[in-house]
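As a plain string of letters, each chain reads:
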Amino acid sequence: MWSSDELFFRNFAELKNYQYDDEKVSTVTSREQIKTESLVEKCYDRFVQTQFVNPRAAQLNRMQHQQYLDLMLRKLPSNYECLDSSRPWCIYWILQSAQLLNFDFDDQTLDNVVQFLIKCRAPTGGFGGGPGQYAHLAPTYAAVNSLCIIGTQSAYQAIDRESLVKFLFSVRDDDGSFRLHVDGETDVRGAYCAISCAKLTNVPEPVLSELFTGTADWIASCQTYEGGFGGAPDLEAHGGYTFCGIASLALLNQADKCNKKALLQWTLRRQMIYEGGFQGRTNKLVDGCYSFWVGATIPITQATLIGAEKSMEKTLFDVEALQEYILLCCQKANGGLIDKPGKPQDLYHTCYTLSGVSIAQHSESAMHPQVLGDLRNELLPTHPLFNIPPKSVAAALHYFSNNSNQDAGCSNRT
């Protein structure tokens, strides 16, 4: 099942000319880069040797990934105990990955998820990382996204917008920045999580205006001389924070407050020439999760440069190379995806590698996706600003704009 205008794998023999050259000056980082490229090279060599005898050599292991996600939603292994304060995140990573794979859980399972997330809702508004835990913007974002993905009446009702808005005001600082929890640290993740939750639950414009006064200016102050965004002013540019920065500004319709050309140049430089995937910072290793964090930043930035009235003719990063890296280097045979060869699978990297592939396939046109290899590798689209299905975004906006009970709950901090 091949497309007549299919994307092509790169010439791996020629690609070896672009492997890292330490110029006879060995450092810790140069040795790690060479080691990583060696592991990637083995994956690419294996594909070259087997592509004509193994039809699955370049296929997405869809069934194995679905089985992995189903198992993990029902019972997490003991090594996930360290994420006890991130349980809504585990749910979100599973549900988003499943949506991309076009895999649905049964209604009873999803209702159980809703009931669990209700237990994570804090009396002060927002969601904690687990039942009885303090409200925190990060799990609040994950819980709101998860409930919007589920998209049932009970899921929407589990988002108490009145108390959510009060919580958002409680972690807002006077300069427009947001703390991740009351008296907690301030960084651009907090601003993004707050903006995303408020926008997705369709908080009325007068409240949004008050809640995010000064926020865009504070976010813009996090842009570094390199062009990317740091977690806070004067910190190093980082792929995850950069996504949070430009996605926040785009959601606020204030992307002009940052240097978009410098941002685009910085993000484009994050794609590794040999590996094909993205690194998260200058002089760092490739990591599958940046397939989304950096991969989504590029079309978002392009869209803000050309304006809403024009369509994007071409994504500026190498979508073939990115899909190549994920398909050949980041899949585990027993399900789940990874950071780089030699690493174990986990939910976080499963979610963001698949999300990055979706961005690569659909960023130019959802009607004509750019799929590398077998067309069965195609994933469903994801919304680049929220990272949930576009249909879930539309349904949530519709629900919260038409539910009078929720509208009554959008008084501000009182």
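Residues numbered from 1 in each chain as written. Predicted model: local features only at pLDDT ≥ 70, side-chain atom pairs only at ≥ 80, totals over all residues. Heavy atoms only, no water.

**Student:** Now, about unusual backbone geometry: what can you tell me, with residues and values included?
**Tutor:** A positive phi angle, close to 75 degrees, is found at Asp234, a residue other than glycine. Considering the arrangement of structural elements, one finds Asp234 in the loop between helix 11 (215-220) and helix 12 (239-251). Positive phi, normally seen in glycine, also occurs at Asn283, with a value near 65 degrees. Tracing the chain through its elements places Asn283 in the loop between helix 13 (260-268) and helix 14 (290-293). (Helix = DSSP H or I, 4+ residues; strand = E, 2+ residues; numbered from the N terminus.)

**Student:** Can you explain the nonpolar core? Please cite residues and give values.
**Tutor:** Of all hydrophobic cores here, the largest spans 129 residues; its most connected members are Tyr44, Tyr92, Leu137, Phe212, Phe243, Leu347 and Tyr352. A total of 10 residues in this core trace back to one element, the largest contributor, which is helix 6 (residues 137-150). Every residue in contact with Tyr92, bar those within four places of it in the chain, is listed here: Tyr141, Ala142, Asn145, Ser146, Ile149, Cys351, Tyr352, Phe386, Asn387 and Ile388. (Core = buried A, V, L, I, M, F, W, Y, C linked by side-chain atoms within 4.5 Å. Buried < 20%, exposed > 50% of the residue type's maximum accessible area, 1.4 Å probe, protein only. Contact = heavy atoms within 4.5 Å.)

**Student:** Could you give me a rundown of the pattern of salt bridges, with the residues and numbers involved?
**Tutor:** For the coordinates displayed, the defined rule picks out 15 salt bridges. In this structure, Glu162 and Lys166 form a salt bridge, with 3.7 Å as the shortest nitrogen-oxygen distance. Separated by four residues within a single helix, Glu162 and Lys166 lie in helix 8 (residues 161-170), roughly one turn from each other. Assessed through its relative accessible area of 33%, Glu162 is described here as partly exposed. We classify Lys166 as partly exposed; its relative accessible area is 29%. (Salt bridge = Lys/Arg side-chain N within 4 Å of Asp/Glu carboxyl O.)

**Student:** Go over the packing of aromatic side chains, please, and point to the residues and values.
**Tutor:** Inspection of every chain in the model, using the stated rule, returns 23 aromatic pairs. A ring pair is formed by Phe12 and Phe47, whose centres lie 6.0 Å apart and whose planes are at 75 degrees; its orientation type is edge-to-face. Here Phe12 is found in helix 1 (residues 12-15), whereas its partner Phe47 is found in helix 2 (residues 28-50), with 35 residues between them in sequence. Residue classification places Phe47 among the buried positions, given a relative accessible area of 6%. Linked through ring pairs, Trp89, Tyr92, Trp93, Tyr141, Tyr192, Phe243, Phe292, Trp293, Tyr348 and Tyr352 together constitute an aromatic cluster. (Phe/Tyr/Trp six-rings, centres within 6.5 Å; stacked < 30°, edge-to-face > 60°.)

**Student:** Could you give me a rundown of helix 5 (residues 107-120), with the residues and numbers involved?
**Tutor:** An α-helix turns once per 3.6 residues; consequently, residues spaced three or four apart project the same way. For helix 5, with 14 residues, the first-to-last C-alpha span of 20 Å sits near the 20 Å given by 1.5 Å per residue. As for helix 5, its buried residues are in contact with helix 3 (62-74), helix 4 (87-100), helix 6 and helix 7 (153-157). One side-chain oxygen of the residue at the start of helix 5 lies 3.2 Å from the amide nitrogen of Gln108, identifying that residue as Asp106. (Expected span 1.5 Å × (residues − 1). Polar contact = N/O pair within 3.5 Å; in protein donor to acceptor, adjacent residues only side chain to side chain.)

**Student:** Describe the packing of helix 16 (residues 319-329) against helix 17 (residues 347-362), and please don't skip the residues or the numbers.
**Tutor:** When two helices pack together, their arrangement is given by the angle between the helix axes and the distance between those axes. It is the contact of helix 16 with helix 17, at a shortest axis distance of 9 Å, that shows an interaxial angle of 155 degrees. Accordingly, the angle class assigned to the pair helix 16 and helix 17 is roughly antiparallel. Considering how the two elements wind past one another, helix 16 and helix 17 form a crossing that is left-handed. Contacts from Val319, Leu322, Gln323 and Ile326 in helix 16 reach Thr353, Gly356, Val357, Ala360 and Gln361 in helix 17. Of the residues that constitute the contact of helix 16 with helix 17, the class distribution is five nonpolar, four polar and no charged. (Axes fitted to C-alpha atoms, helices over the stretch in contact; angles between N-to-C directions. Parallel < 35°, antiparallel > 145°, perpendicular 65-115°, else oblique. Left-handed = near helix turned anticlockwise from the far one by under 90°. Nonpolar A, V, L, I, M, F, W, Y, C, P; charged D, E, K, R; others polar.)

**Student:** Which residues make up the state of the cysteines, and what values go with them?
**Tutor:** In this structure the tally under the stated criterion is zero disulfides. A disulfide-free cysteine, Cys244 has its sulfur positioned 6.4 Å from the sulfur of Cys193, the nearest such atom. Distance from the sulfur of Cys329, which forms no disulfide, to the nearest cysteine sulfur (Cys43) is 4.1 Å. The exposure class of Cys329 is buried, given its relative accessible area of 4%. (Disulfide = S-S within 2.5 Å.)

**Student:** Lay out the environment of Lys16 with the relevant residues and their values.
**Tutor:** Residue position: Lys16 is located in the loop between helix 1 and helix 2. For Lys16, a relative accessible area of 29% translates into the label partly exposed. Sequence-distant contacts of Lys16, that is, excluding residues within four places in its chain, are made with Glu41, Asp45 and Tyr274.

**Student:** For helix 8, give the residues involved together with the corresponding values.
**Tutor:** In terms of burial, helix 8 is a largely internal element, seven of the 10 residues being buried. Every buried residue of helix 8 is listed here: Arg161, Ser163, Leu164, Val165, Phe167, Leu168 and Phe169.

**Student:** Could you give me a rundown of the packing of helix 3 against helix 4, with the residues and numbers involved?
**Tutor:** Here helix 3 crosses helix 4 at 155 degrees, and the two axes come no closer than 10 Å. The angle between helix 3 and helix 4 places the two elements in the roughly antiparallel class. Our pair here, helix 3 against helix 4, has a crossing hand that is left-handed. Each of Leu69, Met72 and Leu73 in helix 3 lies in contact with helix 4, whose residues at this interface are Ile94, Ser97 and Ala98. In terms of residue class, the contact of helix 3 with helix 4 is made up of five nonpolar, one polar and no charged.

**Student:** Describe the environment of Ser26, listing the residues and the values that go with them.
**Tutor:** Here Ser26 lies in the loop between helix 1 and helix 2. Here Ser26 falls in the partly exposed class, since its relative accessible area comes to 46%. In sequence terms Ser26 and Cys193 are 167 residues apart; their C-alpha atoms lie 41 Å from each other. Here Arg31 takes part through its side chain, which lies 2.9 Å from a polar atom of the side chain of Ser26.

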